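Here is how the chains run, residue by residue.
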Amino acid sequence: MRRRYILIILLTVVLTAIVVYTTVYFSAKPAQLAGVDTANTFYQHKVIPVVVQNEIKAALSYYPELKETSIHFVFDPNTSKSIMLSQPVLGSIFRGQTGRAYVVKINPNFVMAHGSMPIQNVPKDILVGWFGHELGHITDYTHRSNANMILFGLRYVCSDYYLMQAERNADGYAVEHGLADYIIKTKNFILHTADLPQAYKDRIKKLYLSPQQIMDMTKKLKKDPDTTHIKSPAAI
Ligand SMILES: [Zn+2]
């Protein structure tokens, strides 16, 4: 009997830890993050750092439906294993699916095997592809209800399969929005830039679509524009 209680307590602790971790992972308060300057707000409902404004605006121009969506692009060195990270803002969840705000955290330094490169020195097309991919994530989030978002977040942090699916969805949206060439350039840059850490390249190879898969997706899309390569929010 006592063992059963201990098991229930343990299970509750583990579940609570997962929920807390997911909430923290998928939330952010942009105003508290570095790089936010309201003077930089020159695109509707957006906060965009000046040094990468051209690349962000170029990527945004492919997503006209996000014009009304509040997105803060902010510099933040804590982007986990990624260079960029897109998340809904926790406080905005209660505004409902259409009123939700998002943050794209950008690591100010592109970490390489030997040293690092300030993000604004990364070639323009590569950055447009990268922002295009992040906006693909945000498009994916805008199609999810709050409940679906929470479930998605839980699965994303617990399973590589769902993480992979989320990355493929983001690429799928970017390709559908006409960013295929940029996405391919970005992938090739990551996979063939000799100075990037091998572990990072391996992660990209394992979890993301390859340049060839993106090309195949684009061809199929051109042949049959109704084809979708994106798993519906209900499915993942
Ligand atoms: Zn991604």
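Along each chain, numbering runs from 1 in the same order as the chain's sequence is written. Since the coordinates come from a predicted model, pLDDT governs what is reported: local features require at least 70, and pairs of side-chain atoms require 80 or more to be given and counted, while whole-chain, interface and lining totals use all residues.

1. Considerations on the overall build of the protein chain
Working step 1: In DSSP terms, a helix is any run of H or I states spanning at least four residues, a strand is any run of E spanning at least two, and both are numbered starting from the N terminus. What the protein chain contains, in helices and strands, is nine helices and six strands.
Working step 2: Looking at the protein chain as a whole, 31% of its 236 residues are labelled buried.
Working step 3: By the criterion used throughout, residues are in contact when their C-beta atoms, derived from the backbone, lie within 7 Å. Looking at the protein chain alone, contacts between residues at least 24 apart form 73% of all its contacts between residues at least 6 apart. Here the C-beta atoms are placed from the backbone, and a residue counts as buried if at least 20 other C-beta atoms lie within 10 Å of its own, exposed if 12 or fewer do, and partly exposed otherwise.

2. Considering the nonpolar core
Working step 1: In this structure, Phe73 and Ile183 are the most contacted members of the largest nonpolar core, which totals 39 residues.
Working step 2: Breaking this core down by element, the ones donating at least two residues are helix H2 (53-60), strand S2 (70-75), strand S4 (101-106), helix H4 (124-142), helix H6 (160-176), helix H7 (180-192) and helix H9 (211-223).
Working step 3: The greatest single-element share of this core, amounting to seven residues, is contributed by H4.
Working step 4: Contacts of Ile183, omitting those with residues within four sequence positions, involve Gly129, Gly132, His133, Asp171, Ala174, Val175 and Ile214. Only buried residues count toward a nonpolar core: Ala, Val, Leu, Ile, Met, Phe, Trp, Tyr and Cys, linked into one set through C-beta atoms within 7 Å.

3. Re the packing of H6 against H9
Working step 1: For helices, the axis comes from a line fit to the C-alpha atoms of the stretch in contact; other axes are also lines fit to C-alpha atoms, and the angle between any two N-to-C directions lies between 0 and 180 degrees. Where H6 meets H9, the closest approach of the two axes is 10 Å, and the angle between their N-to-C directions is 45°. As summarised for this structure, H6 and H9 are arranged oblique, according to the angle between their axes. The interaxial crossing formed by H6 with H9 has right-handed handedness. For the pair formed by H6 and H9, the contact residues are Asp171, Gly172, Val175 and Glu176 on the first element and Ile214, Met217, Thr218 and Leu221 on the second.
Working step 2: All residues other than Ala, Val, Leu, Ile, Met, Phe, Trp, Tyr, Cys, Pro, Asp, Glu, Lys and Arg, Gly among them, are scored as polar; the first ten of these are nonpolar and the last four charged. Split into classes, the residues belonging to the contact of H6 with H9 amount to four nonpolar, two polar and two charged. Should an angle fall under 35 degrees it is taken as roughly parallel, and over 145 as roughly antiparallel, whereas 65 to 115 is taken as roughly perpendicular and any remaining angle as oblique. Throughout, a crossing is termed right-handed when the near helix is turned clockwise from the far one, and left-handed when it is turned anticlockwise from it by less than a right angle.

4. Details of the pairing of S2
Working step 1: Following DSSP output, two strands are said to pair if at least two bridges run between them. The pairing of strand S1 (residues 46-47) with S2 spans two bridges and is parallel. Along S2, the bridge assignment pairs Val47 with His72.
Working step 2: You can see the chain leave S1, run along H2 and come back into S2, and the turn it takes is left-handed.
Working step 3: The pairing of S2 with S4 spans six bridges and is classified as parallel. Along S4, the bridge assignment pairs Ser70 with Ala101. Whether a crossover is right-handed comes down to one check: with the strands pointing away from the viewer, does the path from the first strand over the helix to the second run clockwise; if it does, it is right-handed.

5. Side note on H7
Working step 1: Helix length check: H7 (13 residues) gives 18 Å between terminal C-alpha atoms against 18 Å at 1.5 Å per residue, within 8%.
Working step 2: Buried residues of H7: Ala180, Tyr182, Ile183, Ile184, Thr186, Lys187 and Ile190, and no others.
Working step 3: At its buried positions, H7 is contacted by H4, H6, helix H8 (198-207) and H9. To estimate the expected span of a helix, subtract one from its residue number and multiply by 1.5 Å.

6. Considering the sheet that holds strand S3 (residues 84-88)
Working step 1: Spatially, four strands are ordered S1-S2-S4-S3 in an open sheet, and the strand pairing comes out mixed. Two strands bound the open sheet, and with one partner strand each, they are S1 and S3.
Working step 2: Contacts between H4 and the sheet are confined to S2, S3 and S4, with S3 contributing the most and set at about 20° to the helix.

7. Things to note about the pairing of S4
Working step 1: In terms of burial, S4 is largely enclosed, as five of its six residues are buried.
Working step 2: As defined by bridge partners, S3 adjoins S4 across five bridges and the pair is classed as antiparallel. The residue bridging Met84 from the neighbouring strand is Ile106, located in S4.

8. Observations regarding the packing of H4 against H6
Working step 1: Two numbers describe how H4 lies on H6: the axes approach to 7 Å, and their chain directions differ by 105°. With respect to each other, H4 and H6 are oriented roughly perpendicular. On H6, the residues touching Gly132, His133, Gly136, His137, Thr139 and Asp140 of H4 are Asn169, Ala170, Asp171, Tyr173 and Ala174.
Working step 2: Counted by class, the contact of H4 with H6 contains three nonpolar, six polar and two charged residues.

Nothing here speaks to function; it is all geometry.
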